[in-house]
Amino acid sequence: MKHTALLLALLLACGGSQPTPAADAAKKPPAAAPSAEATDRSATPLKTASETIDGVAFSIDAPEGTKREANDKDKWINWTFTDGNPLKDPSVTVKLVDAAMAPRDLDTLARRAVGMSQDKPPPEVTKKEELPGGAGMFALAERADGQYFKLEAIHRKDDKVLQCTVTYRTGTGRPDDKPIPNVAAAKTWAEKLCGSLKFN
């Protein structure tokens, strides 16, 4: 009887207490990680937004359902997706740039769109055009495998220059990297977005 009582007391002391929240959590399977796959953003609706950067007012058809961030010091506004893989989603940025530093011809803009890329294969400029009415220009640089593109557009009004940039990357050429979903439509979407920018 004494042995039974002693054994019961030991069991209560060592294992009979209620489990802690940490112990409960350890028993549960880990939460599912965010999908590593890229999401097709080419059909994301665009909605006209009225914005101002350092006193320069403009409108742009920004992607719906994105997070907007602004940096007054560096004079930019950025829109990013929050419901997918942030490493494989497009980013949209409008920046007020010094007119003296902005590209003044298509070749200069094209070189800047390619940049100092470490990509293999390196991105190449596949499209460069003047915007209607002499209001600016844009250039598109992309990898041949469809894993990256950058569209850069310059909009001018008097001495004011706004730069719209869409960057979209889903890989760097590794064997398991995949191209941007519906890449042709995604490039058209990016052109429409940056092309919608208008000074107010």
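Anything mentioned here points back to the structure above.
Residues numbered from 1 in each chain as written. Predicted model: local features only at pLDDT ≥ 70, side-chain atom pairs only at ≥ 80, totals over all residues. Heavy atoms only, no water.

### Some details on the nonpolar core
Inference 1: The biggest cluster of nonpolar side chains holds 29 residues, and the ones touching the most others in it are Phe58, Ile60, Val94, Phe149, Leu162 and Cys164.
Inference 2: If we skip the residues at most four places from it in the chain, Phe149 touches Leu140, Ala141, Glu142, Val166, Thr167, Tyr168, Ile180, Val183, Ala186, Lys187 and Ala190.
Inference 3: The next biggest cluster of nonpolar side chains, apart from the first, holds twelve residues, and it includes Val97, Ala110, Met137 and Val161. (Core = buried A, V, L, I, M, F, W, Y, C linked by side-chain atoms within 4.5 Å. Buried < 20%, exposed > 50% of the residue type's maximum accessible area, 1.4 Å probe, protein only. Contact = heavy atoms within 4.5 Å.)

### Considering the pattern of salt bridges
Inference 1: As enumerated under the stated definition, the model contains 15 salt bridges in all.
Inference 2: Between Asp119 and Arg169 there is a salt bridge, with the nearest N and O atoms lying 2.8 Å from each other. Note that Asp119 is positioned in the loop between α3 (106-114) and β6 (124-130) and Arg169 in strand β9 (residues 160-169), a separation of 50 residues in sequence.
Inference 3: Residue classification places Arg169 among the partly exposed positions, given a relative accessible area of 26%.
Inference 4: Across the pair Glu191 and Lys127 runs a salt bridge, and its minimum N-O distance is 3.1 Å. Separated by 64 residues along the polypeptide, Glu191 in helix α4 (residues 183-195) and Lys127 in strand β6 bring together distant segments of the chain.
Inference 5: Since its relative accessible area comes to 24%, Glu191 is described here as partly exposed.
Inference 6: A single network of salt bridges, built from pairs that share partners, joins Asp119, Arg143, Asp145 and Arg169. (Salt bridge = Lys/Arg side-chain N within 4 Å of Asp/Glu carboxyl O. Helix = DSSP H or I, 4+ residues; strand = E, 2+ residues; numbered from the N terminus.)

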